[in-house]
Amino acid sequence: MKIPVLSSKDLLTVMSLSRKEIISLFDFAAKLKKAQKSGKPHRLLEGKTLAMIFEKTSTRTRVSFEIGMYQLGGYALFLSHNDIQIGRGETISDTARVLSRYADGIMIRTFSHDKVIELARNADIPVINGLSDLFHPCQALSDLFTIYEREPGFAGRKLAYVGDGNNVAHSLMLCSAMLGMDIAVATPKNYQPDREVVSMAFRLCAESGSHVTVTTDIKMAVENADYLYTDVWTSMGQEREAEKRRRVFRDYKITRALLSKCADGCRVMHCLPAHRGEEIEDEVLDSDVAIVFDQAENRLHVQKALLCALMG
Ligand code: CP
Ligand code: NVA
């Protein structure tokens, strides 16, 4: 299996990659998925190690990276920030230098995107953003791969994101714009995506010929949508705002009624974990139109492709 070559050392945002590199990663992920499903060994990272720093909790990210490394013949080390010296004030740059002497790659989930940048700047080895306050690139790549394996062309297709203009929304906007899929983001006023990210998405759209819409109007956003996406109203670290957010976001919810306003055959997506009954009704999440567990599974295959490309 030929491993794709990337021009960037790290994956800090989806913009660390070019459109061509994303597609070659997707094609490689599809091969790895097939190999894994058919029990064919693919130990492309024999003897390699990945240090994984977590400042926040995780199910999918932790398990998919850890099992992914194992399946590739390597080893992943789980480092809770409370159990390493970062938790007691050791600097990110010293941590980067030390880990570079032991490991072949670092994955970090952190509150501050600046820390991801600082880590990458000081590490000699690849750094992967496993979620920051601003971005969740591994999620968006896996989501767009989930669409790609259903229908390889993105042009003329539309994804509607309804909910908080958060890290997941940001990465989805950039990734869709890069790949040429239309994206409409509907959020309550004051919860819109970051302005710089929106302008970046507009720039990328101009290059790919797709459209980005940012609105508070849910109906307008979901019109003709082929994919309807949502994420939690309250992200990790915002727990104190949960009650207020439940009020503000009340209408920004995926229901059967909202789905009926999308294109025929529209599929429902969610990065998970879901707060059932808040941003999405059980009835929709548990129905055949939801492809959320495909998305979760594809975290494994896409990240394995990425790990090979960065560390292989
Ligand atoms: N979607 C996602 O990143 O899930 P975890 O928080 O469980 O890793
Ligand atoms: N926006 C959510 C995503 C969780 C995968 C959060 O940051 O908590």
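In what follows, the accompanying structure is described. (Residues numbered from 1 in each chain as written. Chains lettered and ligands numbered in written order. Predicted model: local features only at pLDDT ≥ 70, side-chain atom pairs only at ≥ 80, totals over all residues. Heavy atoms only, no water.)

## Quick notes on the sheet that holds strand β5 (residues 158-162)
Thought 1: Within the open sheet, the five strands sit side by side as β7-β6-β5-β8-β9. Their pairing is parallel. Where the open sheet ends on each side, the last strands, each with one partner, are β7 (212-215) and β9 (267-270). Taken pair by pair, the neighbouring strands of this sheet meet at an average axis angle of 20°, ignoring direction.
Thought 2: As paired strands, β5 and strand β6 (residues 182-186) are joined by five bridges and run parallel to one another. Its bridge partner being in β6, Ala160 is matched across the sheet by Ala184.
Thought 3: Of the strands in this sheet, β8 (227-230) and β9 are in contact with helix α12 (residues 292-311), which crosses β9 at around 50°. (Pairing = 2+ DSSP bridges. Helix = DSSP H or I, 4+ residues; strand = E, 2+ residues; numbered from the N terminus. Axes fitted to C-alpha atoms, helices over the stretch in contact; angles between N-to-C directions. Contact = heavy atoms within 4.5 Å.)

## Let's talk about the sheet that holds strand β2 (residues 75-80)
Thought 1: Overall, parallel pairing links the four strands, which are arranged β2-β1-β3-β4 in an open sheet. Either end of the sheet is taken by a strand with one partner, and the two such strands are β2 and β4 (127-129). Across this sheet, the average inter-strand angle for adjacent strands is 20°, counted without regard to direction.
Thought 2: Inspection of the sheet shows strand β3 (residues 105-109) paired to β4 by three bridges, in the parallel sense. Counted as the bridge partner of Ile108 is Asn129 from β4.

## Structural notes on the packing of helix α3 (residues 92-102) against helix α4 (residues 113-122)
Thought 1: Running from N to C, α3 and α4 point in directions that differ by 45°, and their axes come no closer than 8 Å. Here α4 runs oblique to α3, going by the angle between their axes. Handedness of the α3/α4 crossing: right-handed. Residues Ile92, Ser93, Ala96 and Arg97 of α3 touch α4, and the partners they reach there are Lys115, Glu118, Leu119 and Asn122.
Thought 2: Class assignment of the residues belonging to the contact of α3 with α4 gives a composition of three nonpolar, two polar and three charged. (Parallel < 35°, antiparallel > 145°, perpendicular 65-115°, else oblique. Left-handed = near helix turned anticlockwise from the far one by under 90°. Nonpolar A, V, L, I, M, F, W, Y, C, P; charged D, E, K, R; others polar.)

Purely geometric numbers; function is a separate question.
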